[in-house]
Amino acid sequence: MEESRLPRPSKEALEKKPLKQGELMGVTPRGVIVHLPQAEATYQLPPAIYAVWSRCDGQITVSEIASQLSKETDIPIEKMQAIVYVILTTLAEHQLITW
């Protein structure tokens, strides 16, 4: 079986500085609850997604987030960059981050 490949983010994408949106409401066994008042929506973020979202302070880049997580998990940086960018793109689609 062939391993699925994530798209490699561009250099420009890796330099973006995502900013998390929403209010942390609590923790459940399955993840963290985040509420978006402007969208009147509530989301449950699994731990891996929360690990990305929680770092989105508008000051550090996608590349820096990926580097931190790569060191914490021993996942190679190139793979982690792709994983983080896919997660951030999905979070942006749900208004949980802004660029």
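Worth saying up front: this structure is predicted, and the values here are computed from it rather than measured. (Residues numbered from 1 in each chain as written. Predicted model: local features only at pLDDT ≥ 70, side-chain atom pairs only at ≥ 80, totals over all residues. Heavy atoms only, no water.)

Caption draft 1: Fine view of the environment of Thr-61. Looking at the secondary structure, you find Thr-61 in the loop between helix H2 (47-53) and helix H3 (62-73). With a relative accessible area of 7%, Thr-61 lands in the buried category. Put simply, Thr-61 and Pro-18 are 43 residues apart on the chain and 7.0 Å apart in space, counted from C-alpha to C-alpha. Those residues in contact with Thr-61, other than ones at most four positions away along the chain, are Leu-14, Glu-15, Lys-16 and Lys-17. (Helix = DSSP H or I, 4+ residues; strand = E, 2+ residues; numbered from the N terminus. Buried < 20%, exposed > 50% of the residue type's maximum accessible area, 1.4 Å probe, protein only. Contact = heavy atoms within 4.5 Å.)

Caption draft 2: Inspection of H3 at higher detail. In a regular helix each residue adds 1.5 Å, so twelve residues correspond to 16 Å; H3 covers 16 Å between its end C-alpha atoms and thus fits that length. Buried residues along H3 sit in contact with helix H1 (11-14), H2 and helix H4 (77-93). Looking one or two residues past H3, Asp-74 carries a phi angle of roughly 65°, positive in sign. (Expected span 1.5 Å × (residues − 1).)

Caption draft 3: Structural context of the pattern of salt bridges. Throughout the structure, instances matching the rule amount to one salt bridge. Among the ionic pairs, Glu-72 bridges to Arg-55, the shortest N-O distance being 2.5 Å. Here Glu-72 is found in helix H3, whereas its partner Arg-55 is found in the loop between H2 and H3, with 17 residues between them in sequence. (Salt bridge = Lys/Arg side-chain N within 4 Å of Asp/Glu carboxyl O.)

Caption draft 4: Unusual backbone geometry, seen in detail. With phi around 50°, Glu-40 is a residue other than glycine that occupies positive phi space. Within the element layout of this structure, Glu-40 appears in the loop between strand S3 (31-36) and strand S4 (41-45). The backbone phi angle of Asp-74 is positive, close to 65°, even though this residue is not glycine.

Caption draft 5: Up close: the packing of aromatic side chains. Across all of its chains, the model carries two aromatic pairs by this definition. Where Tyr-50 meets Trp-53, the ring centres are 5.9 Å apart and the plane angle is 40°; that geometry is what we call tilted. Of the two residues, Tyr-50 and Trp-53 both sit in helix H2, three residues apart, roughly one turn of that helix. Take Tyr-50: its relative accessible area is 25%, and that puts it in the partly exposed class. The exposure class of Trp-53 is buried, given its relative accessible area of 3%. For the ring pair Tyr-85 and Trp-99, a centre distance of 6.0 Å and an interplane angle of 35° mean the geometry is tilted. Of this pair, Tyr-85 sits in helix H4 while Trp-99 is found in the segment after strand S5 (97-98), placing the two residues 14 residues apart along the sequence. Against the face of Trp-99 rests Lys-16, its NZ or CZ located 4.6 Å from the ring centre. Lys-20 extends its terminal NZ or CZ atom over the ring of Trp-53, reaching a point 5.5 Å from the ring centre. (Phe/Tyr/Trp six-rings, centres within 6.5 Å; stacked < 30°, edge-to-face > 60°. Lys NZ or Arg CZ within 6 Å of the ring centre and 35° of its normal.)

These figures come from the coordinates and say nothing about function on their own.
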